[in-house]
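Chain by chain, the residues run as shown.
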There are 2 protein chains.
Amino acid sequence: DVGTSVSDMSDPYGKEPRRHVALKPSSRKPFNAEPPLPLLADSLITPNELFYVRNHLPVPDVDAASYELELNDELSNNEKTLTLQDIRKYPKHTITATIMCAGNRRSEMTKVKGVKGLSWGQAAIGNATWSGARLCDVLKDLGVEDGKTDALHVQFEGLDTDPASMPYGASIPIEKALDSHGDVILAYEMNGEPIPRDHGYPVRVVVPGVVGARNVKWLGRIIVSKNESDAHWQQNDYKGFAPNVDWDTVDFKKSPAIQELPVISAVCEPLEGDQVEVKEGKIKVRGYAWSGGGRKIVRVDVSSDGGHTWQATDTLESDSSRHPHAWGWTLWTTEVPVGKGAKTGSEVELCVKAVDSQYNTQPENFANIWNLRGVLANAYHRVQVKLKF
Amino acid sequence: DVGTSVSDMSDPYGKEPRRHVALKPSSRKPFNAEPPLPLLADSLITPNELFYVRNHLPVPDVDAASYELELNDELSNNEKTLTLQDIRKYPKHTITATIMCAGNRRSEMTKVKGVKGLSWGQAAIGNATWSGARLCDVLKDLGVEDGKTDALHVQFEGLDTDPASMPYGASIPIEKALDSHGDVILAYEMNGEPIPRDHGYPVRVVVPGVVGARNVKWLGRIIVSKNESDAHWQQNDYKGFAPNVDWDTVDFKKSPAIQELPVISAVCEPLEGDQVEVKEGKIKVRGYAWSGGGRKIVRVDVSSDGGHTWQATDTLESDSSRHPHAWGWTLWTTEVPVGKGAKTGSEVELCVKAVDSQYNTQPENFANIWNLRGVLANAYHRVQVKLKF
Ligand SMILES: [Mo]
Ligand SMILES: [Mo]
C-alpha cells in the first residue's frame with residue numbers, strides 16, 4: 001500500500017518504537033507516558049519497559065555502528081569525535097539513579113489553577129541502573145579538568161530534532177560535570193541491556209540527582225562552554241516561579257534552570273477512590289520517596305487523617321549509597337491506623353511527606369508552590385479512599 | 001578580696017569572656033545569646049561581637065602558644081600533634097560561611113507544643129569569613145585521602161569539658177571531610193581577626209553548610225574512624241523526629257544526626273508588633289535566607305496577607321559563590337503592597353519563604369515538622385504588624 005507507506009515516510013513520528021501496553025500516554029506525538037502506580041512500587045529497579053517516557057520530539061532512528069558523539073571545548077577549541085566503540089573503551093561505571101520529569105504530579109497542581117504542560121500523574125519517575133563512561137573521564141581526554149578550566153557549563157545536544165532541524169538541548173553546571181563523585185555518565189546500558197530507543201539508544205547522558213530534562217537522550221554533541229545551553233528547554237522552560245507570576249508577567253531570565261530536584265514522595269497503593277480493607281485497625285499503604293542532589297530519604301511520614309496525625313513508615317528500601325551520592329529512590333511500606341469511629345464506607349484522606357538527608361521536607365499544599373509551568377509539584381500527596389471492615 | 005577570688009576559681013564559668021551588651025542571652029551558664037534581628041540584617045558579614053553564641057559548656061581558657069591539636073587515624077593508627085604554628089603553615093584558605101544553630105527559631109515551634117531546648121528567636125545564625133588550613137590537606141599528611149581510606153566519619157573533640165572532664169564531641173561524614181570542594185577548614189581567623197574566645201579560640205573546625213553543632217570550637221582532637229562520635233550531642237541530641245514521637249517513645253538510634261540544614265528564612269525588620277509606615281501602598285520588609293549543603297538562595301517570596309498572595313523580593317544580596325559551594329546566606333529587601341482596605345491600625349501578617357538552588361522550599365506551618373527537641377524550625381516566618389498611613 002504505497003499510500004500508507006508514503007504517509008509514514010512523511011510523518012516524523014513514523015519510526016517510533018513499540019511500547020508496553022501498560023504505559024498510559026499523556027501525549028502520543030511526541031510520545032509521553034507513565035506506568036500504573038502499583039506496578040511502579042513493585043520493584044526497587046523499574047523495568048525498562050515500564051519506565052516513564054518523556055520525549056520532546058520524534059525518536060531518532062540511530063544506527064549504533066555509525067553513531068558518533070562530537071565533543072567541543074569552546075575555551076581551548078579542542079574537538080573530538082567518539083564512536084560507541086570509543087566510549088565503551090573507558091572504564092565502565094555503573095550507578096543506580098532515579099530520573100524524574102520536572103512535571104511529575106503536575107495534574108495535582110493543576111487543581112489549584114491551570115498550567116501549561118502535559119498532565120502527568122505521580123509516575124513520571126523511575127529508578128534504574130545505568131552503565132557507561134564517566135563524563136569526567138571523557139572530558140579529561142579533551143583537556144577539561146576540575147580546577148583547570150574557566151568553563152562554567154557543559155551543554156548537551158540530542159540527535160532528536162524539531163521540524164527546523166534544531167536539536168533538543170540542555171546544559172549542566174561545570175561543578176556537576178567535573179565532580180569525581182558526581183557520577184555523570186555517558187550511559188549505553190539501562191538495567192544491564194542496551195538503552196531502549198525510547199530512553200536514548202545508543203547513548204544517553206545520565207546526570208544523577210538532576211531533572212530528567214538535562215539527562216539528554218540520543219546524545220549527539222557535548223560542548224564545554226562559559227554559557228548555558230541556549231535551547232528553548234534550558235532558557236524558556238523547566239524553571240520555577242513565584243505563584244503570582246503569570247504568562248503576561250513572566251521573565252524566564254529571572255529564574256535559574258531547574259537542575260537538582262527537591263524532595264518528593266507519593267502513595268502508589270491504594271489509589272484515589274479505592275476501597276481499602278482494614279485489618280486490626282490498620283490499612284496498608286506503600287509508595288516511593290526521592291530527593292535530587294544525591295540526598296537520601298531518611299524518613300517517610302504517613303497520615304490517615306488528612307495530615308492531623310503522622311507516623312513514620314516501618315520500612316524504607318533503597319540501594320546502599322550514602323549522602324551526598326544517594327541517587328536512587330526509596331520504596332516504603334507501612335500499616336497506618338485508622339480513626340476509632342471508622343466503619344465500612346468511611347472516607348479517609350491518606351497523606352505522605354518525606355524527609356531527606358539534608359532534613360528538607362515537602363510543602364503541605366500546592367497553592368504556595370503553584371507556578372505557571374506546573375513543575376516542581378512536590379506538595380504532600382493526598383489520596384482519598386474508602387474503608388472496608 | 002580572697003572570698004570572691006576563691007568563689008571565681010571554683011566556678012567553672014569563672015573565666016568567661018566579655019560579651020557585647022546587645023547580645024540577648026537565652027542562658028548564661030553555659031552562655032547562649034543572639035543579637036537583635038535588625039542588627040543582623042544590617043550587614044552581609046556579621047560582626048564578630050554580634051555573632052550568636054551557642055556554648056554547651058564553659059569556655060576553655062586556651063593559651064595559643066602551648067595549644068596542641070591531636071590527630072589520630074583509627075584505621076592506620078597514624079598519629080600526629082600539630083601546634084598552631086604547624087596549622088598556620090598549611091595554605092591559608094578563606095571561605096564565607098553561615099553557621100546556624102539547629103535550634104534557631106525554636107521559640108516559634110514551641111507555640112505548637114512544648115519542646116526541650118533553649119528558647120531561640122530567629123537570630124541564632126550568622127555569616128562570617130573564616131580562614132585556616134583545609135581539613136583535607138591536614139588529613140592527607142596523616143595518610144587519609146579521598147578514595148584511599150575505609151573510614152566513614154571524622155570525629156572532633158573540643159577542649160571544653162563537662163564536670164566529669166568529658167569533652168564536647170561531634171563528627172561529620174568522611175565524604176564531607178575529604179571533598180576537595182567541601183571547604184572544611186581548621187579556622188584560626190574569623191572576619192580577619194583571631195577567632196574570639198566565644199567562637200573557638202584558637203582553632204575551630206568550620207564545616208560549611210552543616211549545623212553549628214558539628215563546627216566544633218576550641219578544637220582539641222580529630223579522630224578518623226569507621227564510627228560516628230559517641231558523644232551525647234551526636235547520638236542523643238541534634239536529630240529530627242516525626243511529630244508523634246515523644247519522650248516516652250523516642251529512640252535516638254532511629255534518626256540520623258543532623259548534618260546539612262534545610263532551607264530557612266526570617267523577617268528581620270519589622271519586628272512582631274511593630275507599627276509600620278505605609279508609603280505609596282507598600283511597606284518595607286527585610287531579612288535573611290539560607291540553605292545548608294552549599295545550596296544558594298534563588299528566590300525569596302514575601303506575603304503581607306498571611307500567605308494568600310506572594311511576590312518575589314527585588315533584591316538578594318550574597319557572596320558570589322556558586323551551587324553547590326554557596327555556604328553563605330542571602331540578605332533580602334522588598335517593598336510589599338498592603339491590601340486596599342487597609343488603614344492606620346490595620347493588622348497584617350507578613351510571611352516569608354525561600355527557595356534554594358535545589359528548588360527546595362520551606363514548610364508552611366510548624367505542626368507537621370514539630371519534634372520533641374525543637375530543631376529544624378524552618379516553617380514560614382510569620383510576623384504580625386500594625387500599619388500606619
Ligand atoms: Mo521533563
Ligand atoms: Mo546548636
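Everything below is about the structure printed above this text.
Residues numbered from 1 in each chain as written. Chains lettered and ligands numbered in written order. Predicted model: local features only at pLDDT ≥ 70, side-chain atom pairs only at ≥ 80, totals over all residues. Heavy atoms only, no water.

Trainee: What am I meant to see in the overall build of chain A here?
Mentor: Each helix and strand in chain A was counted, giving seven helices and 22 strands. In terms of its C-alpha atoms, chain A occupies a principal-axis envelope of roughly 70 × 60 × 45 Å. The proportion of buried residues among the 389 residues of chain A is 59%. When contacts within chain A are restricted to residue pairs at least 6 apart in sequence, those whose partners lie at least 24 apart make up 71%. Of the roughly 15500 Å² of accessible surface on chain A, a fraction of 48% belongs to carbon and sulfur atoms. Between the centroid of the 44 positive side chains of chain A and the centroid of its 52 negative side chains there is a distance of 4 Å. (Helix = DSSP H or I, 4+ residues; strand = E, 2+ residues; numbered from the N terminus. Buried < 20%, exposed > 50% of the residue type's maximum accessible area, 1.4 Å probe, protein only. Contact = heavy atoms within 4.5 Å. Areas by Shrake-Rupley, 256 points an atom, 1.4 Å probe, with all protein chains shown as cover. Lys, Arg positive; Asp, Glu negative; His and termini not counted. Charge placed at Lys NZ, Arg CZ, Asp CG, Glu CD.)

Trainee: What should I look at first to understand the relation of the copies chain A and chain B in this one?
Mentor: Copies of the same chain, two in number, are related to each other by a rotation about an axis and a translation along it. By a simple turn and slide, chain A fits onto chain B: the slide is 0.0 Å along the axis, the RMSD is 0.0 Å, and the turn is 180°. The two molecules are tied by a two-fold rotation axis, judged by turn and shift. Closest approach to the rotation axis within chain A is made by the C-alpha atom of Pro363 of chain A, at a distance of 2.3 Å. Most of the interface of chain A is mirrored in chain B, where 100% of its interface residues are also at the interface. (Least-squares fit on C-alpha atoms with pLDDT ≥ 70 in both.)

Trainee: Please explain the sheet that holds strand E16 (residues 282-290) of chain A as it appears in this structure.
Mentor: What links the strands of a sheet is backbone hydrogen bonding, and the strands pair in either a parallel or an antiparallel sense. Residues and elements named next belong to chain A. Spatially, four strands are ordered E14-E16-E20-E19 in an open sheet, and the strand pairing comes out antiparallel. Two strands lie at the open edges of the sheet, namely strand E14 (264-269) and strand E19 (315-317), each paired on one side alone. Across this sheet, the average inter-strand angle for adjacent strands is 25°, counted without regard to direction. Pairing of E19 with strand E20 (residues 330-337) involves three bridges; the strand directions are antiparallel. (Pairing = 2+ DSSP bridges. Axes fitted to C-alpha atoms, helices over the stretch in contact; angles between N-to-C directions.)

Trainee: Sorry, what's going on with the pairing of strand E21 (residues 347-356) of chain A here?
Mentor: Side chains on a regular strand alternate between the two faces of the sheet. All names here are of chain A. Burial analysis of E21 places eight of its 10 residues in the buried class, the great majority of the element. As paired strands, strand E17 (residues 297-303) and E21 are joined by six bridges and run antiparallel to one another. Residue pairing for E21: Asp301 is matched across the bridge by Lys353. Bridge analysis of E21 against strand E22 (residues 381-388) gives six bridges, and the strand direction is antiparallel. Bridge pairing links Val352 to His381 in E22.

Trainee: What exactly am I supposed to notice about the interface of chain A and chain B here?
Mentor: When the parts come together, some accessible area is lost, and that loss is often what is quoted as the size of the interface. Contact residues are listed per partner, giving 50 residues for chain A and 50 residues for chain B. Between chain A and chain B the total buried area reaches about 3700 Å² when both faces are included, carbon and sulfur atoms providing 43% of it. If you sort the residues of chain A by the area they bury against chain B, Arg322, Tyr359 and Asn368 of chain A come out on top, with a joint share of 21%. A salt bridge links Glu260 of chain B to Arg295 of chain A; its shortest N-O distance comes to 2.6 Å. Counting every contact that joins chain A to chain B gives 28 residue pairs in polar contact (both at pLDDT 80 or more). Those elements that place two or more of their residues in the side of chain A that touches chain B are helix H6 (174-178), E17 and strand E18 (311-312) of chain A. The dominant element in the side of chain A that touches chain B, judged by the number of residues it contributes, is E17 of chain A, at three residues. (Buried area = accessible area lost by both parts, 1.4 Å probe. Salt bridge = Lys/Arg side-chain N within 4 Å of Asp/Glu carboxyl O. Polar contact = N/O pair within 3.5 Å; in protein donor to acceptor, adjacent residues only side chain to side chain.)

Trainee: Would you mind showing me how to read the pairing of E20 of chain A here?
Mentor: Here E16 of chain A runs beside E20 of chain A; their pairing, made up of eight bridges, is antiparallel. Bridge pairing links Gly287 of chain A to Trp332 of chain A in E20 of chain A.

Trainee: In this structure, what is going on with a negative patch on the surface? I would like to understand it.
Mentor: A contiguous patch of negative charge, built from Asp146 and Asp179 of chain A together with Asp146 and Asp179 of chain B, is present on the exposed surface. Structurally, Asp146 of chain B is set in the loop between helix H5 (135-140) and strand E8 (153-161). Overall, the relative accessible area of 38% leaves Asp146 of chain B in the partly exposed class. (Patch = residues over 30% accessible without salt bridge, like charges linked within 9 Å, V, L, I, M, F, W, Y side chains within 5 Å.)

Trainee: Would you explain the sheet that holds strand E15 (residues 275-277) of chain B in this entry?
Mentor: Residues and elements named next belong to chain B. Strand order in this open sheet of five strands is E15-E22-E21-E17-E18, and the pairing throughout is mixed. Taken across any chain shown, the strands that pair with only one partner, and hence form the sheet edges, are E15 and strand E18 (311-312). Of the strand pairs in this sheet, E15 and strand E22 (residues 381-388) are connected by three bridges, and their pairing is parallel. Within the sheet, the bridge partner assigned to Val276 lies in E22 and is Leu387.

Trainee: Quick question: what am I supposed to make of the packing of aromatic side chains here?
Mentor: In this description, an aromatic ring pair is defined by two values, namely the gap between the centres and the angle between the planes. Residue and element names in this part refer to chain A. By the definition in use, this model includes 16 aromatic pairs over all chains. Aromatic pair Trp247 and Phe252: ring centres 6.2 Å apart, planes at 40°, arrangement tilted. Measuring from centroid to centroid gives 5.4 Å for Tyr288 and Trp329, while their planes differ by 15°, and the two rings are stacked. Here Tyr288 is found in strand E16, whereas its partner Trp329 is found in the loop between E19 and E20, with 41 residues between them in sequence. Its relative accessible area of 0% is what places Tyr288 among the buried residues. You can call Trp329 buried: its relative accessible area is 0%. Put simply, the rings of Phe51, Tyr52, Trp120 and Trp130 pair up and form one aromatic cluster. (Phe/Tyr/Trp six-rings, centres within 6.5 Å; stacked < 30°, edge-to-face > 60°.)

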